[in-house]
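# Structural features, examined
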Amino acid sequence: MTFTEQAPENLPELIKTTKDRLRAQIGDVAAALAEVEETLRPKIAEIVALRERGEEVWPVVDFRDVAAGTVPRETADAIRRRGCAVVKGTFSRSRAEAWDRQLVSYLEDNSFGETYQYLDDGVFGSLAAGKPSIFPIYWSKPQMEARQDDNMVAVRGFLNGFWKHESQGRVWFDPRSDTAYPDRVRRREPGTSSSGLSPHTDSGSIERWLSPAYQQVFRHVFAGEPNRYDPWDGAYRTEVNEFASTVMCSAFRTFQGWTALSDMAPDQGVLHTVPIPEAMAYLLLRALQDDVAEDDLCGAANGAALAVDEKYHSLLLPALSPIPAVEPGDTVWWHGDVIHSVGAVTGQQGWGNVMYIPASPRCEKNAAYAKACGRAFTEGVSPGDFAAEDYETGWTGRATAADLNETGRRQLGFSKSPASV
Ligand SMILES: [Fe+2]
């Protein structure tokens, strides 16, 4: 089963004709960009000022408030404004630390260190990257436990709720039910020096201009009314099919995310975001300006994350802000359009360990991919979106069907019971 579309044959020509059409639709492309700039400038200035005063830019919410439905209004407003959040204590420290130890045992028991061969899947293309620390492991018991845990379900439901799931007379997804999007783990050793990862967005690069569904998602931007664009409107998001490549994501993710398995300080090579979801309108319009070659989208390339760089996007980069200090059991989330990077670090203090677990609410597209992931789970092979490295097929201690609860079964398409949890 495929969840993608093949990239069109003559990309430069398609980019040129699409740009011509979008520019004609927009009319005054410079004025449209200027309008977005005007909206973004005060937001960027506010973020820079907060950071300079030593205040937290990222909204932080306590899991107990999520569970009790008592998240303060101003915190919820901040999450909507920033498009990112840390949920403190999604899991207890002791539970997350136990997961970290279990992961180590799982890797050691199966001699991962001796057999692992780093595969450069080109995901980050020319982006600066450090030594690989993201391991293609999907089916350990800690990962499965975290994905199907009631606390994770509560957090994802809370975050999905920031999105408009019903609009244009249609229901785009079910915010109260998630599907599985099995992803990898990161284990970065103490002492690591890394140049980090340059700013980028995931979930499509050239597709954001070329795909008909994305053109609908960004319909206001491409109609020359960028300030009417609502990054939280789910309309057409679940109809996007990215072009086949090693970076494509088959699921619609309301938020990308990870669960911390170690303490991490903001200056230890951690995740940063440009915490302004509307900045996507700037990226889209910037590529349509006169100083960008007619077959170029500011360097966006199929098969690579969408780079955000000094040459074209210098306006945005001062807003890059690190996560606050996190501890094991905290979860970290960012809207799927939000620009993010990983900071550089020299001689990292302590571990930098996470399990990547996003929020992928139930819709036809996500359910179909999750069902295929269910088959991959049974066999222990890599999920379809990732290189078929298949390390875990013969591993001992892998999670099995007996480890799944009802949520886990539903997330992987094994249960026919009603979708909502
Ligand atoms: Fe990314």
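Above: the structure in question.
Just so you know, these numbers come straight off a predicted model, no measurement behind them. The residue numbers shown here count from 1 along each chain, following its written sequence. Whole-chain, interface and lining totals are the exception, using all residues; otherwise, since this is a predicted model, local features are given only for residues with pLDDT of at least 70 and side-chain atom pairs are given and counted only at 80 or more.

Not every positive phi belongs to a glycine, and Ser 111 is a case in point at roughly 50 degrees. Each residue is classed by its C-beta neighbour count within 10 Å, where at least 20 other C-beta atoms makes it buried, 12 or fewer makes it exposed, and intermediate counts make it partly exposed; the C-beta atoms are placed from backbone geometry. When the 10 C-beta atoms within 10 Å are taken as the criterion, Ser 111 is described as exposed. One non-glycine residue, Cys 298, lies in positive phi territory at about 55 degrees. Only DSSP runs of H or I reaching four residues or more are called helices, and only runs of E reaching two or more are called strands; each is numbered from the N terminus. Among the structural elements, Cys 298 can be located in the loop between helix 11 (279–286) and strand 11 (306–307).

Each axis is a line fitted through C-alpha atoms, taken for helices only over the stretch in contact, and angles between the N-to-C directions span 0 to 180 degrees. Helix 7 (residues 141–148) packs onto helix 5 (residues 93–109) with a crossing angle of 145 degrees between their chain directions and a minimal axis gap of 8 Å. Across from Trp 99, Gln 102 and Leu 103 in helix 5, the residues of helix 7 making contact are Lys 141, Pro 142 and Ala 146. Class assignment for the residues of the contact of helix 5 with helix 7 results in four nonpolar, one polar and one charged. Any residue pair is listed as a contact if its two C-beta atoms, each placed from the backbone, are within 7 Å. Residue classes follow a fixed rule: Ala, Val, Leu, Ile, Met, Phe, Trp, Tyr, Cys and Pro count as nonpolar, while Asp, Glu, Lys and Arg count as charged, and any other residue, Gly among them, counts as polar.

So, about the packing of helix 2 (residues 29–52) against helix 11. Where helix 2 contacts helix 11, the two axes come as close as 9 Å, and the packing angle between them is 155 degrees. With respect to their mutual orientation, helix 2 and helix 11 come out roughly antiparallel. Crossing of helix 2 against helix 11: the hand is left-handed. Here Val 29, Ala 32, Leu 33, Val 36 and Leu 40 of helix 2 come into contact with helix 11, specifically with Ala 279, Ala 281, Tyr 282, Leu 285 and Arg 286. Orientation labels follow simple angle bins: below 35 degrees gives roughly parallel, above 145 gives roughly antiparallel, 65 to 115 gives roughly perpendicular, and whatever is left gives oblique. Should the near helix be turned counterclockwise from the far one by less than a right angle, the crossing is left-handed, whereas a clockwise turn marks it as right-handed.

Glancing now at the sheet that holds strand 1 (residues 60–62). Spatially, the seven strands line up as an open sheet ordered 1-2-13-9-15-7-3, and their pairing is mixed. Among the strands making up the open sheet, the edge pair consists of strand 1 and strand 3 (134–135). Paired strands, in this sense, are two strands between which DSSP finds at least two bridges. Pairing between strand 7 (residues 185–188) and strand 15 (residues 352–356): four bridges, direction antiparallel. When the sheet's bridge partners are listed, Arg 186 is paired in strand 15 with Val 354.

What is shown is where atoms sit, not what they do.
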